[in-house]
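# Chains, contacts and geometry: an overview
Okay, here's what each chain looks like letter by letter:
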Amino acid sequence: MTDDATTTAAGATGTLGYEQARDELIEVVRRLEAGGTTLEESLALWERGEELAQVCRHWLEGARARLDAALAGPAAEGRGDEEDEEGNGG
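Residues numbered from 1 in each chain as written. Predicted model: local features only at pLDDT ≥ 70, side-chain atom pairs only at ≥ 80, totals over all residues. Heavy atoms only, no water.

This paragraph deals with helix 2 (residues 18-34). The terminal C-alpha atoms of helix 2 lie 24 Å apart, and with 17 residues this matches the ideal 24 Å at 1.5 Å per residue to within 8%. Just downstream of helix 2 lies Gly-35, where phi reads positive at about 75°. (Helix = DSSP H or I, 4+ residues; strand = E, 2+ residues; numbered from the N terminus. Expected span 1.5 Å × (residues − 1).)

So this is what it looks like as structure tokens:
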């Protein structure tokens, strides 16, 4: 792929949702496992698979961060109040 094609592919990949990227990645893996492609086609599929895997990782990391923040939010507020009370009461 040329630099322009790589930039275009990266831009298009960045707009994919998790499910779209996952489904396309499944198809890429299926095609690679089936064989019957040229070396050039296989390399292009592999590169696309790497891009799609990165998109999936990005979405999953974002989801994990949101979940961690949601779980820590009320607990962190509670700990902050307890620390203030301990500090003021001592």
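A few words on the pattern of salt bridges. A side chain with one charge can pair with a side chain of the opposite charge if their charged atoms come near. Counted according to the given criterion, the structure contains five salt bridges. Of the charged contacts in the structure, one is a salt bridge between Glu-24 and Arg-48, with a shortest N-O distance of 2.7 Å. Taken together, the positions of Glu-24 in helix 2 and Arg-48 in helix 3 (residues 39-89) put the pair 24 residues apart, joining distant regions of the chain. Glu-51 is the salt-bridge partner of Arg-48, the closest N and O atoms lying 3.1 Å from each other. Of this pair, Arg-48 and Glu-51 are both found in helix 3, three residues apart, which corresponds to roughly one turn of the helix. Considered together, Arg-48 and Glu-51 belong to a single accessibility category, that of buried residues. (Salt bridge = Lys/Arg side-chain N within 4 Å of Asp/Glu carboxyl O. Buried < 20%, exposed > 50% of the residue type's maximum accessible area, 1.4 Å probe, protein only.)

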